[in-house]
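Survey of secondary and tertiary structure
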Number of protein chains: 2
Amino acid sequence: MGGSVRSISQARKLRDVLDPVLPRLEEVERFLNRELEHALPLVREVTSWVLGSGGKRLRPSLVLLTSRMFGYVGERDVRYGAVVELVHTATLVHDDIIDESDLRRGRPTANQRWGNQVAVLVGDWLYTRAMHLCLELGDVDVMRCLTAATLQMTEGELMAERVRGTADVTEAVYLDITRRKTAELFAAACALPALFQPSTLHFTEPLMEVGRNLGMCFQLVDDLLDFTSSRSELGKPVMADLREGRLTLPMILLLPRIDRARRASVLEVLSTGVFECISEQEVLETVRMSGVLEEVRARAAAYAARVAEIAERLPAGQEREAFVVASSLLLDRRS
Amino acid sequence: MGGSVRSISQARKLRDVLDPVLPRLEEVERFLNRELEHALPLVREVTSWVLGSGGKRLRPSLVLLTSRMFGYVGERDVRYGAVVELVHTATLVHDDIIDESDLRRGRPTANQRWGNQVAVLVGDWLYTRAMHLCLELGDVDVMRCLTAATLQMTEGELMAERVRGTADVTEAVYLDITRRKTAELFAAACALPALFQPSTLHFTEPLMEVGRNLGMCFQLVDDLLDFTSSRSELGKPVMADLREGRLTLPMILLLPRIDRARRASVLEVLSTGVFECISEQEVLETVRMSGVLEEVRARAAAYAARVAEIAERLPAGQEREAFVVASSLLLDRRS
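Rules of the game
Residues numbered from 1 in each chain as written. Chains lettered and ligands numbered in written order. Predicted model: local features only at pLDDT ≥ 70, side-chain atom pairs only at ≥ 80, totals over all residues. Heavy atoms only, no water. Disulfide = S-S within 2.5 Å. Buried < 20%, exposed > 50% of the residue type's maximum accessible area, 1.4 Å probe, protein only. Contact = heavy atoms within 4.5 Å. Buried area = accessible area lost by both parts, 1.4 Å probe. Salt bridge = Lys/Arg side-chain N within 4 Å of Asp/Glu carboxyl O. Polar contact = N/O pair within 3.5 Å; in protein donor to acceptor, adjacent residues only side chain to side chain. Nonpolar A, V, L, I, M, F, W, Y, C, P; charged D, E, K, R; others polar. Phe/Tyr/Trp six-rings, centres within 6.5 Å; stacked < 30°, edge-to-face > 60°. Helix = DSSP H or I, 4+ residues; strand = E, 2+ residues; numbered from the N terminus. Lys NZ or Arg CZ within 6 Å of the ring centre and 35° of its normal. Least-squares fit on C-alpha atoms with pLDDT ≥ 70 in both. pLDDT = per-residue confidence, 0-100. Expected span 1.5 Å × (residues − 1). Arc of directions from axis to C-beta.

What follows concerns the state of the cysteines. Tallied over the entire structure, the rule returns 0 disulfides over all chains. We note that C190 of chain A lacks a disulfide partner, and the nearest cysteine sulfur, in C145 of chain A, lies 10 Å from it. Using a relative accessible area of 0% as the deciding quantity, one classes C190 of chain A as buried. C145 of chain B takes part in no disulfide bond, and the closest cysteine sulfur to it belongs to C134 of chain B, at a distance of 9.7 Å.

Contacts between the two partners involve 40 residues from chain A and, on the opposite side, 39 residues from chain B. Around 3,600 Å² of area is buried between chain A and chain B when both sides are counted, 75% of it from carbon and sulfur atoms. Three residues stand out in chain A for area buried against chain B, namely Q117, L121 and L158 of chain A, and they jointly supply 18% of the buried area on that side. Joining chain A to chain B, the criterion identifies 2 salt bridges. The salt bridge involving R162 of chain B is made with E45 of chain A; its shortest N-O contact spans 3.9 Å. Between the two partners, chain A and chain B, sit 8 residue pairs in polar contact (both at pLDDT 80 or more). Within the side of chain A that touches chain B, the residues separate by chemical class into 20 nonpolar, 9 polar and 11 charged.

This next bit is on the packing of aromatic side chains. Evaluation of the coordinates by the stated rule reveals 10 aromatic pairs over all chains. Each ring, one from W49 of chain A and one from W114 of chain A, has its centre 6.2 Å from the other, and the planes form 75°; the classification is edge-to-face. Linking W49 of chain A in helix 4 (residues 41-51) with W114 of chain A in helix 7 (residues 110-136), this pair joins segments that are 65 residues apart in sequence. The structure contains a cluster of three or more aromatic residues connected by ring pairs, namely Y72, Y80 and F196 of chain A. Here the guanidinium or amino end of R107 of chain A rests over the ring plane of W49 of chain A, the centre of that ring lying 3.7 Å away. The residue whose ring lies beneath R333 of chain B is F218 of chain B, and the NZ or CZ to ring-centre distance is 4.1 Å.

Right, let's get into the environment of L267 of chain B. Residue and element names in this part refer to chain B. Note on placement: L267 falls in helix 14 (residues 260-272). Accessibility expressed as a relative area gives 28% for L267, which makes it partly exposed. Taking C-alpha positions, L267 is 8.9 Å from L255, a pair spaced 12 residues apart along the chain. Apart from residues lying up to four places away in sequence, L267 is in contact with A167 and L255.

Rotating chain A by 180° and moving it 0.0 Å along the rotation axis overlays it on chain B with an RMSD of 0.0 Å. Within this description, the copies of the chain are treated as partners about a two-fold rotation axis. By residue overlap, the copies meet face to face through one surface: 98% of the interface positions of chain A are interface positions in chain B.

Residues and elements named next belong to chain B. Here Y303 shows up in helix 16 (residues 292-311). Considering only alpha carbons, one finds Y303 and D16, 287 residues apart in sequence, at a separation of 22 Å. Y303 has contacts with L175, N213, M216, C217 and L220, leaving out every residue within four places of it along the chain.

Here we take up the confidence of the model for chain A. All names here are of chain A. On average, residues of chain A carry a pLDDT of 91, and 98% of them reach 70 or more. Scored below 50 in pLDDT, residues 1-5 shows 5 contacts in the model against residues more than four places distant or in partner chains. Taken over the whole predicted complex, pTM reads 0.91, whereas the ipTM for its chain interfaces reads 0.88.

So, on to the pattern of salt bridges. Within this structure, the stated rule accounts for 52 salt bridges over all chains. Between R179 of chain A and D176 of chain A there is a salt bridge, with the nearest N and O atoms lying 3.0 Å from each other. With a gap of 3 residues between them, R179 of chain A and D176 of chain A both fall in helix 9 (residues 171-191), about one helical turn apart. A relative accessible area of 24% means that D176 of chain A is categorised as partly exposed. Here R76 of chain B makes a salt bridge to D139 of chain B, at a shortest N to O gap of 2.7 Å. Taken as a pair, R76 of chain B in helix 6 (residues 76-98) and D139 of chain B in the loop between helix 7 (110-136) and helix 8 (140-163) lie far apart in primary sequence, 63 residues in all. For R76 of chain B, a relative accessible area of 25% puts it in the partly exposed group.

This part covers the environment of I310 of chain A. All names here are of chain A. Mapped onto the secondary structure, I310 falls in helix 16 (residues 292-311). I310 gets classed as buried once you look at its relative accessible area, which sits at 3%. Distance in space between the C-alpha atoms of I310 and L207 is 8.2 Å, their sequence separation being 103 residues. Those residues within four positions of I310 in sequence are excluded, and the remaining contacts are P206, E209, V210 and N213.

On to helix 16 of chain A. Residue and element names in this part refer to chain A. End to end, helix 16 covers 29 Å across 20 residues, agreeing with the expected 28 Å (1.5 Å per residue, within 8%). All of the buried residues in helix 16 are V292, L293, V296, A300, Y303, A304, V307, I310 and A311. For helix 16, the angular spread of buried residues about the axis comes to 130°, placing them on one side. On its buried side, helix 16 packs onto helix 9, helix 10 (204-228), helix 13 (249-254), helix 15 (280-290) and helix 17 (318-332).

Structural data, given as structure tokens:
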């Protein structure tokens, strides 16, 4: 066990950190495939497409890590790993409609391939099916946790939609939206297994906090990658957020620091989605030279540090270590 | 009581049939309003708009009727009446996106007023909030029943989407789609209160059947109204189904009976949404002269008759009478 802990702390890839739960993660894949076998052909087709687009299965991995931390023996870890991935997939499908995206991870989105109509319905089916899978075991507390996270995700999206294309996003609003849109599902994924057994219930809160901080770290890095990666690494255009009318933290920090004319040009891109008065290259350089990317990275690092801090309240061992190492790997990821 | 029963059997309007549950229906309205008070402003705005569009609150009324039939005393009738209305509202909001409708009951749809983006999210919020309201009381069986109905609704929509714009809809496929899209939520609304108390559990099945038949009757009449009503009565264009690429039962029965040239012209309207080779008036007259409307009405009447037949298995009294009378009033409705 000491050896394993050492190997995790030396991990260079998320895959290494997750090594102990990989066999269970394969069970999650099998569970998802079995689910789809019984679905309508069109649901199967669309969902396989979205699930097969090379996602990292981060959220199911969190469910599995916590389950293992508590020595859970049973089938709930796999089932709820699959459930959080279905919820996540549902939000991806609906988000792509909302953003009118045609590419995700380098492939056409569901709405692009099958139309908005089918995409709306497949998203609905995935949400409902996920709830149904919770109900089969009658796990009311698990469902409460997941439903609360789903409500917050939808509310976060609505808040984002409300301010889209405008500069009406303070840092506080941005952080609140990000917590709801991303961090709450990470929190639920980490905390769900604490609900499997009465003896671990008191770990629910610290696990939610670990998950929230992981999620915030994850999303801030995602926002950075939109400025630092290439189109081929992202599988979608660079500065997609800006083009889609969304201000993320780097831009929110940048805007008050640049001159009025340049600010007006950037805001025009934000509201029109087109680089007209200012070139893509010029915006990128302004951002990169301004120092805001380093500031945002420092913020992301602070969230990762919080993960390590709160993890102290969890049972010591390989899995706790894995949460901490995962947060620093998420911080340094390139895609 | 004898007097009340007589007055229900003489009812001429749905409102009269529902008279005994009207006070509870007002509680449902209050429950919905309280729900919205706590929602995000944008959710409140959109949902109030959709809920305020003059719907008949048919599904909550069914929940209340069955609750009263069983002498239920408590708050679940009002809560689950509100829940089925929220689920129904969520499907309306998403359906209007799918159909690209801009009018419902004579008013702009949510997607028309706030855009597809907001409409997708508000629909998601309503579904999730409805589930959350079931979870507050931990009523797992109620949730199972509702989630199963919601899955079927989504599957029905997907099946309909798959064949949309084409003539690949047999009568059997149409009936299966209609059962899923409409009848299963009616079934759930009628049956839910049987789950409130162990002593009434054995009524679940006949109540589901009563609800399904009511729902089928309701939808077949809806399909007829699309040919027999005026634009002002419908609050949307006449033959909206055909324009949106949907074959309903009257058309499914008609197509094999008309000559090849005319069939080709109708199928072109179905696939293009435009009356080009044939006028709107000519299609309407062909349908009206063919006798298919009378046939479809006879089918709807058969579903209403089934309601009366199955109702025999329910406890006798005013509420049972109400189900039977409601089905014949739904059959004769004009809007």
